[in-house]
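# Summary of the model geometry
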Amino acid sequence: RKEVEQDPGPFNVPEGATVAFNCTYSNSASQSFFWYRQDCRKEPKLLMSVYSSGNEDGRFTAQLNRASQYISLLIRDSKLSDSATYLCVGHHSGNTPLVFGKGTRLSVIA
Amino acid sequence: SQTIHQWPATLVQPVGSPLSLECTVEGTSNPNLYWYRQAAGRGLQLLFYSVGIGQISSEVPQNLSASRPQDRQFILSSKKLLLSDSGFYLCAWTTGLNSPLHFGNGTRLTVT
């Protein structure tokens, strides 16, 4: 089983829709998690960190469920500019590499 | 503030030629450094990571190598490129646990 798994999509949603992505991780010792956004032919950019208590940044909400070993990203009121690939990342310990999921593609349609 | 520089942005090389990609980080000390490769339409593949000068961990056996001659310098090399080495190469750094990765702009390598 891969360490971090995501539904590859694509998710095709209309503008204004709410969309949610889940990401499961297999290493129960993973300690920190992040969501990244990657636009076509660009480097991934940090979208938000994921805290145990859940956190929100504008239209974006991230949640962590340690019991079920998944993290989620909720995007409300989708914009055309939200179209991108969303990558989840888990980190086990300070000197081990971060593990990326393969990404979920989102297309927001007018 | 911390910045990461990666060059060149694009590169076209013939099969069998050598490769050297350089990445430098500014504004931080003793970062953990990473090289990733992303084939077209695929996910990120970790190639190498380093937690200190001269310390290199290889994740995938292949004809690539990495070196860290200075604290904030990370170099990806190959003696002879293969067609399968084509891809988008990304350098990244982090300060450690609970800190996110920060990526360079990437190098798009085409081996012909």
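Heads up: the structure comes first, above all this text.
To start, this report covers the structure provided alongside it. The model shown is predicted, which means the values in this text are computed figures rather than measured ones.

Neighbouring strands of a sheet are bound in pairs by backbone hydrogen bonds; such pairs are parallel or else antiparallel. Residues and elements named next belong to chain B. In spatial order, the strands read E1-E3-E8-E7; together these 4 strands make up an open sheet with antiparallel pairing. The sheet is open, and its two borders are formed by strand E1 (3–7) and strand E7 (64–70), each paired with just one other strand. Across the sheet, the mean angle separating the axes of adjacent strands is 15° when strand polarity is ignored. Relative to strand E8 (residues 73–78), strand E3 (residues 19–26) runs antiparallel, the two being bridged by 6 bridges. Looking at E8, one finds that Leu21 is bridged to Leu76.

With that out of the way, let us pick up the state of the cysteines. Residue and element names in this part refer to chain A. Applying the stated criterion across every chain yields a total of 2 disulfides over all chains. Residue pairing for Cys23: its cysteine sulfur links by disulfide to Cys88, the two sulfurs lying 1.8 Å apart. Residues Cys23 and Cys88 share a disulfide whose torsion about the S-S bond is about 60°; that sign makes it right-handed. Taken together, the residues span a long stretch of sequence, with Cys23 in strand E3 (residues 19–25) and Cys88 in strand E9 (residues 84–91) at a distance of 65 residues. On the basis of relative accessible area, Cys23 is assigned to the buried category, the value being 2%. By relative accessible area, Cys88 is classed as buried at 0%. Here Cys40 is not disulfide-linked; the sulfur of Cys88 is the nearest cysteine sulfur, at 20 Å.

Our focus in this paragraph is unusual backbone geometry. With omega at 5°, the peptide bond leading from A:Gly9 into A:Pro10 counts as cis. By the element assignment, A:Pro10 lies in the loop between strand E1 (4–6) and strand E2 (11–14). With an omega of 0°, the peptide bond between B:Trp7 and B:Pro8 qualifies as cis. Tracing the backbone through its elements, the reader meets B:Pro8 in the loop between E1 and strand E2 (10–13). With a phi close to 55°, A:Gln69 is a non-glycine residue in the positive phi region. Mapping A:Gln69 onto the fold places it in the loop between strand E7 (60–65) and strand E8 (70–75).

Next up on the list: the side chain of B:Ser99. Residue position: B:Ser99 is located in the loop between strand E9 (87–94) and strand E10 (102–103). At 2.7 Å, the side chain of B:Ser99 and the side chain of B:Thr95 are in polar contact.

Once that is clear, we can look at the side chain of B:Ser17. One can find B:Ser17 in the loop between E2 and E3. Among all residues touching B:Ser17, those that are not within four sequence positions of it are B:Lys79, B:Lys80 and B:Leu81.

A few words now on the pairing of strand E11 (residues 104–109) of chain A. Residues and elements named next belong to chain A. Of the two faces of E11, only the one carrying Thr104, Leu106 and Val108 is buried; Arg105, Ser107 and Ile109 on the other face are not. Bridge count for E9 against E11 is 3 bridges, and the pairing is antiparallel. Among the inter-strand pairings, Thr85 is bridged to a residue of E11, identified as Arg105.

For the rest of this paragraph, the subject is the sheet that holds E7(A). All names here are of chain A. Strand order in this open sheet of 5 strands is E1-E3-E8-E7-E6, and the pairing throughout is antiparallel. The sheet is open, and its two borders are formed by E1 and strand E6 (55–57), each paired with just one other strand. Each adjacent strand pair in this sheet contributes to an overall mean axis angle of 20°, direction not counted. One ladder, built from 3 bridges, connects E6 with E7; its direction is antiparallel.

Our focus in this paragraph is the environment of B:Ser17. Residue and element names in this part refer to chain B. Under the relative-accessibility criterion, Ser17 is labelled buried at 11%. Measuring from C-alpha to C-alpha, the distance between Ser17 and Gly52 comes to 29 Å, with 35 residues separating the pair along the chain. A distance of 3.3 Å separates a polar atom in the side chain of Ser17 from a polar atom in the side chain of Gln13. At a separation of 2.6 Å, a polar atom in the side chain of Ser17 contacts the main-chain carbonyl oxygen of Pro14.

Bringing the interface of chain B and chain A into the picture now. Across the boundary between the two partners, chain B contributes 23 residues, which contact 21 residues of chain A. Inspection of the chain B/chain A interface yields 0 salt bridges. The interface formed by chain B and chain A contains 4 residue pairs in polar contact (both at pLDDT 80 or more). Residue assignment for the side of chain B that touches chain A shows that the elements contributing at least two residues are strand E4 (32–38), strand E5 (44–52) and E9 of chain B. In the side of chain B that touches chain A, the residues fall into 12 nonpolar, 9 polar and 2 charged.

Conventions and cut-offs
- Residues numbered from 1 in each chain as written.
- Chains lettered and ligands numbered in written order.
- Predicted model: local features only at pLDDT ≥ 70, side-chain atom pairs only at ≥ 80, totals over all residues.
- Heavy atoms only, no water.
- Pairing = 2+ DSSP bridges.
- Helix = DSSP H or I, 4+ residues; strand = E, 2+ residues; numbered from the N terminus.
- Axes fitted to C-alpha atoms, helices over the stretch in contact; angles between N-to-C directions.
- Disulfide = S-S within 2.5 Å.
- Buried < 20%, exposed > 50% of the residue type's maximum accessible area, 1.4 Å probe, protein only.
- Polar contact = N/O pair within 3.5 Å; in protein donor to acceptor, adjacent residues only side chain to side chain.
- Contact = heavy atoms within 4.5 Å.
- Salt bridge = Lys/Arg side-chain N within 4 Å of Asp/Glu carboxyl O.
- Nonpolar A, V, L, I, M, F, W, Y, C, P; charged D, E, K, R; others polar.

Bear in mind that shape data such as this cannot, by itself, settle questions of function.
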